[in-house]
Amino acid sequence: MSIGTIMVIGAGQMGRGIVQVAAEAGKQVRWMDISSAMLGKGIAYLDQQLERSVAKGIRNQDDKSAILSQVQLTASLQEASECELVIEAIAENMSVKQALFRELDEVCTEGTILATNTSSLPITEIAAVTSRASHVIGMHFMNPVPVMRLVEVIRGLETTQTVYDSIVQLSLELGKTPVEVQDFPGFVSNRILMPMINEAVFTVYEGVATAEAVDTVMKLGMRHPMGPLELADLIGLDTCLAIMDILYEGFKDSKYRPCPLLRKYVKAGRLGRKSGQGFYTYT
């Protein structure tokens, strides 16, 4: 079954990217956020991204207008009842996500698929608060969504094969490469990436090298396009810490213990690019 109507909940960085790729693929998108200001910023961002592609000759003004016409802004969760799929892209907080999924379960029709873009939280635990665990699945896009081709597709304990197949097909229609992942803390991407970032932070914390030196070693020595601390600033140090805490709690293994310096920076409000300062300073 090809999914044609999608609601995306959340107008942050990930929500914006998901809306863009869905609209570009010809999907009808309802974009919902409790903040009208965030939605306004989101649609302005989408307009800007499309205008850049026009300037580069990738598409024309008619293409841009057609894509924008696919997106309808809304502040009402009730409109999820008119969609075949809802993709949640809100704060990485279990209680907040569960509260939203309880509401969606009441609003949506029986066959609606509920997907979460969580980067590390258990799909089964999110699904457990609904009466449709068979129709709940993880759809973890990478940041920035329009550029990165990977989507981790994570089955919950009760996710059906039909729902999984539908999300795989949709991912392909969005120009992504879906990879099946089982429901473990951090899935694959963050179970490997975040401990590397955390170890880079420990390297700075212990005085082995500066942040600049660590990133240079990984870029020039390991051919990484971006150093781990630059990447941490891009992701958000608060997000990195939250994922490390989930890994530590989920596995009870000391190798996932967040570095004290990472926790210190987050408490100080040094969250990376979004706050203007992390391991680097941004203007």
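The name recorded for the chain in an unreviewed UniProt entry is 3-hydroxybutyryl-CoA dehydrogenase, from Paenibacillus roseopurpureus. Quoted verbatim from the Sequence similarities (unreviewed entry) field of the UniProt record, the comment on the chain reads "Belongs to the 3-hydroxyacyl-CoA dehydrogenase family." Among the UniProt annotations of the chain, the heading Pathway (unreviewed entry) holds the following wording: "Lipid metabolism; butanoate metabolism."

Counted according to the given criterion, the structure contains 3 aromatic pairs. Summarising the aromatic geometry, the rings of Phe202 and Tyr205 are spaced 6.2 Å apart at their centres and angled 70° between planes, so their arrangement reads as edge-to-face. Linking Phe202 with Tyr205, this pair stays in helix α7 (residues 189–205), spanning 3 residues, or about one helical turn. One Lys or Arg, Arg155, reaches over the ring of Tyr164 and ends 4.0 Å from the middle of that ring. Between the NZ or CZ atom of Arg270 and the centre of the ring of Tyr265, over which it lies, the distance is 4.2 Å.

Once that is clear, we can look at the sheet that holds strand β3 (residues 71–74). Across the sheet, 8 strands lie side by side as β3-β2-β1-β4-β5-β6-β7-β8; this open sheet has mixed pairing. Both outer strands of the open sheet, β3 and β8 (177–181), are each paired with one neighbouring strand and no more. Each strand of the sheet is rotated relative to its neighbour by a mean of 25°, with strand direction disregarded. Pairing analysis gives 4 bridges linking strand β4 (residues 85–88) to strand β5 (residues 113–116), with the strands arranged parallel.

What counts and what doesn't
- Residues numbered from 1 in each chain as written.
- Predicted model: local features only at pLDDT ≥ 70, side-chain atom pairs only at ≥ 80, totals over all residues.
- Heavy atoms only, no water.
- UniProt positions renumbered as here; feature names shortened; annotations may be inferred.
- Phe/Tyr/Trp six-rings, centres within 6.5 Å; stacked < 30°, edge-to-face > 60°.
- Helix = DSSP H or I, 4+ residues; strand = E, 2+ residues; numbered from the N terminus.
- Lys NZ or Arg CZ within 6 Å of the ring centre and 35° of its normal.
- Pairing = 2+ DSSP bridges.
- Axes fitted to C-alpha atoms, helices over the stretch in contact; angles between N-to-C directions.

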